[in-house]
Amino acid sequence: MPRSELLIGSHIGFCAPDYFLDSVRKAISFGANALMIYSGSPQHSFRVPLERTKKQEGLELMKEARLPQKGLVVHGTYLVNLAKIGDPEKLAFSREYALEEIRRAAYLGASSIVFHPGSHKGGDEREGFETFVESVRYLLDRMPKEINLCIETMAGRKNELGADFSFFDELFARFRDEPRLGVCVDTCHLNDSGFDLSDPDAAVRQLLDAFGKDRIKVVHLNDSANPLASHKDRHANLGYGTIGFDALRAFACNPAWEGIPIILETPFVDGIPPYKKEISMLRSGVYEENWRENLSIALPKD
């Protein structure tokens, strides 16, 4: 796939006073043609009323800048745990809050919303899985038809579901006839779970074999600050981690991802978003050594 055709962007804030319109502006400033937003703080439950989000202005700007609708992704809040066992009240809250997040994402016109699978919190892993399956069924039965529900691959931290491909094998077996249910593959999480990305083409083939092309709906492209199979989950900027720029670039440019949003979730550099530089290097295929240090010098915080 030509690098110029990459459907690539980053996670972007959703901030007052212009909310969605401001998110689209930032994506354009980064040279992106995709973006992922939270429809509010991922750590807090407050959500601005939808009529204040400047949805229509943002969609018009996307159209003007030729940002395709399929490149718009929302990430669900971290407050939900769809695998919560032993506390029916908290599980009910997670399901209802997740459903509200999905409805907000559909209102903004997102193609997909991404959730973490959750944690069994030291309880029974099988019970946690079954609880998660019922949560997914609850959401799919009630959510708008025009949006995909994507479950993210995880690094395998303590009690965390979704680090093994067997988790997704069984999940998708339960929902064979539900095309809206998909997976978001995260390169940092894959690396930290023990999945080797050093041969990017082979890695893509393995992912397609494991999930199927139609199930992979979003890619999170992140370097990892940790070694293979560390089970830690700490993102690094492109070229500053253990996966490396060349492997990540080759992975991102694989033709299998044509039309699939590729989203950077790499860290800010001294308070500065790195995405314009990272997207530029991915498109050109040219890595600049010490680019983070130069970024800090070239782009003052104000």
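Here the structure is a predicted model, which means the values were calculated and not measured. (Residues numbered from 1 in each chain as written. Predicted model: local features only at pLDDT ≥ 70, side-chain atom pairs only at ≥ 80, totals over all residues. Heavy atoms only, no water.)

*Asks:* Where do I start with the environment of Ser166 in this structure?
*Replies:* By secondary structure assignment, the location of Ser166 is in helix α5 (residues 165-174). When the C-alpha positions of Ser166 and Ala210 are compared, they lie 8.9 Å apart, and in sequence the two are 44 residues distant. (Helix = DSSP H or I, 4+ residues; strand = E, 2+ residues; numbered from the N terminus.)

*Asks:* Before we go on, may I ask you to explain the layout of surface pockets in this structure?
*Replies:* Over the atoms rolls a probe the size of a water molecule, and in doing so it shows where empty space is left. Here the largest pocket is characterised by a volume of approximately 600 Å³. Every residue lining the largest pocket is counted, 29 residues in all, and those nearest its centre are Tyr78, His116, Met154, Arg157 and Glu160. The leading source of residues in the lining of the largest pocket is helix α3 (residues 88-108), at three residues. In the lining of the largest pocket, the residues fall into eight nonpolar, 11 polar and 10 charged. Approximately 250 Å³ is the volume attributed to the second largest pocket. Along the walls of the second largest pocket sit 16 residues, with Glu125, Leu161, Asp164, Ser166 and Phe167 positioned nearest its centre. Those elements that place two or more of their residues in the lining of the second largest pocket are α4 (125-142) and α5. (1 Å grid on protein atoms, 1.4 Å probe; cavity = no way out; pocket = protein on both sides within 12 Å on 5 of 7 lines; lining within 4 Å. Points joined across faces, edges and corners; volume = space filled by probe spheres on them. Nonpolar A, V, L, I, M, F, W, Y, C, P; charged D, E, K, R; others polar.)

*Asks:* I'm lost on the sheet that holds strand β5 (residues 148-152) in this one. Help?
*Replies:* Strand pairing in a sheet is mediated by backbone hydrogen bonds. Such pairs are either parallel or antiparallel. Taken in spatial order, the eight strands line up as β1-β2-β3-β4-β5-β6-β7-β10 and close into a barrel, and their pairing is parallel. Across the sheet, the mean angle from the axis of one strand to that of its neighbour is 30 degrees, orientation sign disregarded. With three bridges connecting them, strand β2 (residues 34-37) and strand β3 (residues 72-75) associate as parallel partners. Bridging from a neighbouring strand, Leu35 pairs with Leu72 of β3. The sheet strands contacting α4 are β5 and β6 (181-186), and the helix crosses β5 at an angle near 160 degrees. Against the sheet, helix α9 (residues 275-284) makes contact with β1 (8-12), β7 (216-221) and β10 (262-264), and its axis sits at roughly 165 degrees relative to β1, the strand it touches most. (Pairing = 2+ DSSP bridges. Axes fitted to C-alpha atoms, helices over the stretch in contact; angles between N-to-C directions. Contact = heavy atoms within 4.5 Å.)

This is a description of form; function is not addressed.
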